[in-house]
Amino acid sequence: MEKENLSFDEMWEKVMACDRKYDGLFYTAVKTTKIYCRPSCRSRKPKKSNVTFYTTMVEAESNGFRACKRCQPETEFSPDEELTRRVMAYLTTNYRESINLPSIADHVGMSPFYLERVFKQETSETPRSCLERIRVDKAAHLLKYTDLSNLAICFEAGFQSPSNFYRIFRKLKGYSPTEFRKQSEVMTS
């Protein structure tokens, strides 16, 4: 979809909705501040009469606008996407460790409250539930492809207690670890 296919009002609606699907298709430039943004920018919305749209960053910059420092349209990913990628990398690398929200926030250099809010906005889950999913996926893989005991898998996947492992595994997979292993054996036979 190109800018020519969208009317001014349609683009304005996308900006007001902070619709990320349109990032890169057009840029919003604010005449009074001389700043251009992605359609998904969460900054305070300008008056409609002060807005113009451009199809490229080059076009916006050649008309005297500079990139927004909040949404950083000149980068490949928005700051929130970049933060989410860093958190995901940290969780997948350190899933065996005892991880809590303050330690994740400390790793990425921000407050736990803000981190959780941004992460949930980007992924629709909290860092804790994401970590649980990573651990359960690892446990499911081990149950399917190894002969390790459930207890060994519990600790190998990063769970701190067997009861927590069984509860979360059942919640996410719909089976206990033992039932999952039996189900996997039936499917591979």
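Look a little higher up for the structure.
First things first, this report covers the structure right here in the doc. Quick caveat: nothing in here was measured; it's all calculated off a predicted structure.

Parameters at a glance
- Residues numbered from 1 in each chain as written.
- Predicted model: local features only at pLDDT ≥ 70, side-chain atom pairs only at ≥ 80, totals over all residues.
- Heavy atoms only, no water.
- Pairing = 2+ DSSP bridges.
- Helix = DSSP H or I, 4+ residues; strand = E, 2+ residues; numbered from the N terminus.
- Contact = heavy atoms within 4.5 Å.
- Axes fitted to C-alpha atoms, helices over the stretch in contact; angles between N-to-C directions.
- Buried < 20%, exposed > 50% of the residue type's maximum accessible area, 1.4 Å probe, protein only.
- Arc of directions from axis to C-beta.
- Core = buried A, V, L, I, M, F, W, Y, C linked by side-chain atoms within 4.5 Å.
- Salt bridge = Lys/Arg side-chain N within 4 Å of Asp/Glu carboxyl O.
- Expected span 1.5 Å × (residues − 1).

**Observations concerning the sheet that holds strand β2 (residues 35-37)**
As summarised here, the arrangement of the four strands in space is β3-β1-β2-β4, forming an open sheet in which the pairing is mixed. Among the strands making up the open sheet, the edge pair consists of β3 (51-54) and β4 (66-67). In the sheet, β2 pairs with β4 via two bridges, with the strands oriented parallel. Across the sheet, Tyr36 pairs through a bridge with Ala67, a residue of β4. Relative to β3, helix α1 (residues 8-16) is tilted by about 100 degrees, and along the sheet it contacts β1 (27-30) and β3.

**A word on helix α4 (residues 101-108)**
If you check which residues of α4 are buried, you get Ile104, Ala105 and Val108. Within α4, the buried residues cover an arc of 100 degrees as seen down the axis, which keeps them to one side. Residues of α4 that are buried in the fold lie against α3 (79-94), α5 (112-123) and α6 (127-145). With its phi angle positive at about 80 degrees, Gly109 sits one or two positions after the end of α4.

**Here we look at the nonpolar core**
Grouped together as the largest cluster of nonpolar side chains are 15 residues, with contacts concentrated most on Leu83, Val87, Leu91, Ile99, Ile104 and Leu115. The set of elements that each furnish at least two residues to this core consists of α3, α4, α5 and α6. A total of four residues in this core trace back to one element, the largest contributor, which is α3. When neighbours within four sequence positions are excluded, Ile104 is seen to be in contact with Val87, Tyr90, Leu91, Ile99, Leu115 and Pro127. Membership of the second largest hydrophobic core comes to 13 residues, among which are Val136, Ala140, Leu143 and Ile168.

**Some thoughts on the pairing of β1**
A two-sided burial pattern is seen for β1, the buried positions comprising Tyr27 and Ala29 on one face and Thr28 and Val30 on the other. In terms of strand pairing, β1 meets β3 through four bridges, oriented antiparallel. By the bridge assignment, Val30 is partnered in β3 with Val51. In this sheet, β2 lies alongside β1 in antiparallel orientation, the contact comprising three bridges. Within β2, the position partnered with Val30 by the bridge is Ile35. Remark: four residues form the turn of the hairpin made by β1 and β2, two consecutive strands paired antiparallel; Lys34 in that turn has positive phi of roughly 60 degrees.

**Observations regarding the pattern of salt bridges**
Side chains bearing opposite charge may pair, as long as their charged atoms lie close to each other. According to the stated counting rule, one finds seven salt bridges in the structure shown. Put simply, Arg133 and Glu125 hold a salt bridge, and the shortest N to O gap is 2.6 Å. Overall, Glu125 belongs to the buried group, its relative accessible area being 19%. Where salt bridges share partners, they join Arg128, Glu132 and Lys171 into one cluster.

**Quick word on α6**
Taking 1.5 Å as the rise per residue, α6 with 19 residues should run 27 Å; its terminal C-alpha atoms sit 27 Å apart, in good agreement. Taken residue by residue, α6 has Pro127, Cys130, Leu131, Glu132, Ile134, Arg135, Val136, Ala139, Ala140, Leu142 and Leu143 as its buried positions.

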